[in-house]
Amino acid sequence: MALIKCPECGHQVSDKAAVCPSCGIAIAGNPDIVAPQTVAKRETKKPHKSVTIPVVAGVMALIIVLGGLYLYNNVQDRNEVDAYENAMACDEIAVLQNYLDMYADAPQAHRDSVMAHLALLKKVDTDWDDAMVNNSRQAFENYLRMHPESVHKTEALLKLDSIDWTLASAADTPEAYGKYLAAHSDGAHIDEARVKMEKLEKTVISDEEKTKVTSVLTNFFAALGNNDEDALTPTIDVVLNSFLHRAGATKADVISYMKRIHAPEDITAISFRTNNDWKIEKIDLGAGECSYAVDFSVDEKIVRTDESKETFSSYKVSAKVSANGKITDLNMKRGVVE
């Protein structure tokens, strides 16, 4: 038997009593009446349950927070490494500067490497600006030598190509175009250079050709001075395009001229001397044919019985000679007279 509190009036009563002697409420068999030991047990369990749940919840929350922080820091570290590797592999100043701005707390070794790379890129850009201002072959060659893998490499090579082509075009010789082709096997003007070189090579005058052209003109003037028809006629074409500015002149016209200059009775001798100032241009006529345009000067000396008359003249001569060594054009203009 045990004493309990009446659930109605609170007075102590035996748990075996049928009713409470104070208020008359039923005691024995009343489901609302709990034995003291049972209540004690329940009272000891309640505090245990109320403390455990918050603790467990707090621990779980802490684990979640720490796990989140770990994952966040891990992602941030990975992002920094990726950004660092991208910056070091990049040649754009803006990308490197962006890394330095975004990752102020990055490992110092990473920041030092990026800053060194950035300084080099800025130096490359400064040297490029200097080369562009100078705009010479030597400036671009020096730039490529100092920065062989620069982002401006292709542009520098194009600049060199353009400069060399300008020089070759200005010289306009087979040698100049050959030099361009040797330096720029994949240049922007290789096709044009080949065409021009091939065309010019057809107009290059060999020593043999020069001898042939100068000999026929020298022989013409020698025959003209000697009044030698037999020596004169082999030097000229059957019909000349122009002789002393007369179109369609024949051999007979040329011989007639020779006779006229020797006709005066006071003239005892005439001689012509070429001055070796030949300017010869080879003209490509196509189909393997060519001719030669020649400019030179010749002096005329006249021996007279009347020395008061003219005894010396100098002429500028323009002539054309065919590939078979015949004069097809010959015009003279009086120059210095002594």
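Everything that follows concerns the structure shown earlier in this document.
Here the structure is a predicted model, which means the values were calculated and not measured.

Rules of the game
Residues numbered from 1 in each chain as written. Predicted model: local features only at pLDDT ≥ 70, side-chain atom pairs only at ≥ 80, totals over all residues. Heavy atoms only, no water. Buried < 20%, exposed > 50% of the residue type's maximum accessible area, 1.4 Å probe, protein only. Helix = DSSP H or I, 4+ residues; strand = E, 2+ residues; numbered from the N terminus. Arc of directions from axis to C-beta. Contact = heavy atoms within 4.5 Å. Patch = residues over 30% accessible without salt bridge, like charges linked within 9 Å, V, L, I, M, F, W, Y side chains within 5 Å. Areas by Shrake-Rupley, 256 points an atom, 1.4 Å probe, with all protein chains shown as cover. Salt bridge = Lys/Arg side-chain N within 4 Å of Asp/Glu carboxyl O. Pairing = 2+ DSSP bridges.

Asks: Can you lay out helix α6 (residues 174-183) for me, pointing to particular residues and giving the numbers?
Replies: Among all positions of α6, only P174, A176, Y177, Y180 and L181 are buried. End-on, the buried residues of α6 take up no more than an arc of 165 degrees, which puts them together on one face. Turned more than 90 degrees off the buried face of α6, the exposed positions are E175, K179 and A182. Residues of α6 that are buried make contact with α5 (153-171) and α7 (190-201).

Asks: Account for a nonpolar patch on the surface, naming residues and giving values.
Replies: The grouping of V55, V56, V59, M60 and I63 at the surface amounts to a nonpolar patch, some 440 Å² of accessible area in total. Here V59 shows up in helix α1 (residues 36-88).

Asks: Give a description of the pattern of salt bridges that names residues and reports values.
Replies: A side chain of one charge can pair with a side chain of the opposite charge if their charged atoms are brought near each other. Using the criterion set out here, one finds 11 salt bridges in the structure. We note a salt bridge from D266 to R304, for which the minimum N-O separation is 2.8 Å. Pair noted here: D266 is in the loop between α10 (251-262) and β5 (267-274) and R304 is in strand β7 (residues 289-304), with a separation of 38 residues, a long-range link. The network of salt bridges with shared partners includes R137, E141 and D164.

Asks: Requested: an account of the pairing of strand β6 (residues 279-286), with residues and values cited.
Replies: The side chains of a regular strand alternate, residue by residue, between the two faces of the sheet. When β6 meets β7, the two strands line up antiparallel, connected through 7 bridges. Each residue of the ladder has a partner; that of D284, found in β7, is C290. Here β6 folds back onto β7 in antiparallel fashion, the turn holding 2 residues, of which A287 has a positive phi close to 55 degrees.

Asks: Give a detailed account of unusual backbone geometry, specifying residues and quantitative values.
Replies: Trans peptide bonds make up most of the peptide bonds, and negative phi angles are found at most residues other than glycine. Positive phi outside glycine occurs at D172, with the angle close to 50 degrees. With respect to the element layout, D172 can be found in the loop between α5 and α6. D172 gets classed as partly exposed once you look at its relative accessible area, which sits at 38%.

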